Amino acid sequence: MGRVAGETFNSEARLSWVLAVLAGVVGAISFTHSAGYFVVFITGNAQRAVLGYFTGEVWLAASAGLLIVAFVAGVVVASLCRRYFWVDHPHGPTVLTTFSLLAACVVDTIDEGWTENLLDFAPIMLMAFGTGALNTSFVKDGEVSVPLSYVTGTTVKMGQGIERHIAGGGSVSDWLGYFMLLASFMVGAAIGGAISVIVNGTWMLVMATALCALTTAYTYFHQDRRALLKESEES
């Protein structure tokens, strides 16, 4: 039981929950303070990019396609940075996410000032880019090991883990980590929803940027150092 708890609640797992909360907050901004855009729900964007042309919502269809492009671009750019610039920083993509959200704040305030309730498409694009980058924060053997905003996949793996546990071929660790990731994302959405009741879209974006910056500082200067020390000890 001690080994299971150690695997499920180690520092990497705890960091993934924090970043999942952040993804939930960013997703809440796009849901509550935009004209119906998604920055974390790529499945919804993929369907809207096609079905919008059949329902007469041509702009929403086109914008959904552009958000997918922005999200993928975030994944590609963050992966390139991991390969060439962040060799000593396993969680370096949070830096790119922070700068993306900061750029979204600048673009939004220049365009609309500090009193805008609904965010325009340009900052939403930057948020999608940053969310794509954020999803590359955990990589193992060149592949993403913890997809932070891929909630569908998380719930499928959680369900499979529950089945193995019930059947006697697995343990709590087979599903608890996925449950915590799902719960963290939902907590982030709840936090974002609560904030959206109090502040407008611009200030909500500013608060998400500040949260991301604090998380980035922790990962870049503390968590990454611990991860590298652990790797050196194992080798």
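Cut-offs and rules
Residues numbered from 1 in each chain as written. Predicted model: local features only at pLDDT ≥ 70, side-chain atom pairs only at ≥ 80, totals over all residues. Heavy atoms only, no water. Helix = DSSP H or I, 4+ residues; strand = E, 2+ residues; numbered from the N terminus. Polar contact = N/O pair within 3.5 Å; in protein donor to acceptor, adjacent residues only side chain to side chain. Patch = residues over 30% accessible without salt bridge, like charges linked within 9 Å, V, L, I, M, F, W, Y side chains within 5 Å. Areas by Shrake-Rupley, 256 points an atom, 1.4 Å probe, with all protein chains shown as cover. Salt bridge = Lys/Arg side-chain N within 4 Å of Asp/Glu carboxyl O. Buried < 20%, exposed > 50% of the residue type's maximum accessible area, 1.4 Å probe, protein only. Axes fitted to C-alpha atoms, helices over the stretch in contact; angles between N-to-C directions. Parallel < 35°, antiparallel > 145°, perpendicular 65-115°, else oblique. Left-handed = near helix turned anticlockwise from the far one by under 90°. Contact = heavy atoms within 4.5 Å. Nonpolar A, V, L, I, M, F, W, Y, C, P; charged D, E, K, R; others polar. Expected span 1.5 Å × (residues − 1). Core = buried A, V, L, I, M, F, W, Y, C linked by side-chain atoms within 4.5 Å. UniProt positions renumbered as here; feature names shortened; annotations may be inferred.

Going by what an unreviewed UniProt entry lists, the chain is known as Transmembrane protein and is assigned to Mycobacterium lentiflavum.

A. Looking closely at the side chain of Thr 219. Counting through the fold element by element, Thr 219 comes out in helix α9 (residues 201–234). From its side chain, Thr 219 meets the backbone oxygen of Thr 216 in a polar contact 2.9 Å long.

B. Local environment of a nonpolar patch on the surface. Together, Val 50, Leu 51, Tyr 53, Phe 54 and Val 58 line one region of the surface with nonpolar side chains, adding up to about 550 Å² of accessible area. With respect to the helices and strands, the residue Phe 54 is situated in the loop between α3 (42–51) and α4 (58–84). Residue Phe 54 is classed as exposed on the basis of its relative accessible area of 68%.

C. Focus on the packing of α3 against α4. One way to put it is that α3 packs onto α4 with a least axis distance of 7 Å and a crossing angle of 140°. Between α3 and α4, the angle is such that the two are oblique. α4 is crossed by α3, and the crossing has left-handed handedness. Residue-level inspection shows Ile 42, Asn 45, Ala 46, Arg 48 and Ala 49 of α3 in contact with α4, the latter providing Leu 60, Ala 61, Ala 64, Gly 65, Leu 67, Ile 68 and Phe 71. In the contact of α3 with α4, the residues fall into nine nonpolar, two polar and one charged.

D. Geometry of the environment of Ser 184. Assignment of secondary structure puts Ser 184 in helix α8 (residues 176–198). Residues within four places of Ser 184 in sequence aside, it is in contact with Trp 17, Ala 20 and Val 21.

E. Expanded view of helix α5 (residues 93–112). A rise of 1.5 Å per residue sets the reference length of α5, with its 20 residues, at 28 Å; its end C-alpha atoms lie 28 Å apart and thus fit the reference within 8%. Listing the buried residues of α5 in full gives Pro 93, Thr 94, Val 95, Leu 96, Thr 97, Thr 98, Ser 100, Leu 101, Ala 104, Cys 105, Asp 108 and Thr 109.

F. Looking closely at the pattern of salt bridges. Following the criterion strictly, the structure yields one salt bridge and no others. Between Asp 174 and Arg 164 there is a salt bridge whose closest N-O contact spans 3.6 Å. Taken together, the residues Asp 174 in the loop between α7 (151–167) and α8 and Arg 164 in helix α7 connect sequence positions 10 residues apart. What makes Arg 164 partly exposed here is its relative accessible area of 34%.

G. Summary view of the nonpolar core. In terms of nonpolar packing, the biggest core is built from 37 residues, with Ile 29, Val 39, Ile 124, Met 127, Leu 148 and Leu 205 touching the most fellow members. Those residues in contact with Leu 148, other than ones at most four positions away along the chain, are Ser 16, Leu 19, Ala 20, Leu 134, Asn 135, Ser 137, Phe 138, Leu 181 and Phe 185. Counting seven residues, the second-largest nonpolar core is a separate cluster that includes Trp 86, Val 95, Leu 96 and Ala 133.

H. Representation of the UniProt feature "transmembrane region" (unreviewed entry) in the chain in the model. In the numbering used here, UniProt assigns the feature "transmembrane region" (unreviewed entry) to residues 15–38, 58–81, 175–197 and 203–221. In residues 58–81, the share of helix is 100% and the share of strand is 0%. The end C-alpha atoms are 35 Å apart. Secondary structure content for residues 203–221 is 100% helix and 0% strand, and the end C-alpha separation is 27 Å.

I. Structural view of the packing of α4 against helix α6 (residues 121–134). Between α4 and α6, whose axes approach to 6 Å, the crossing angle comes to 40°. With respect to each other, α4 and α6 are oriented oblique. Crossing geometry of α4 relative to α6 is assigned as right-handed. Between α4, through Trp 59, Ser 63, Leu 66, Leu 67, Ala 70, Phe 71, Ala 73, Gly 74, Val 75, Val 77 and Ala 78, and α6, the contact on the second element is made entirely by Phe 121, Ile 124, Met 125, Ala 128, Phe 129, Thr 131, Gly 132 and Ala 133. Residues that form the contact of α4 with α6 fall into these classes: 15 nonpolar, four polar and no charged.

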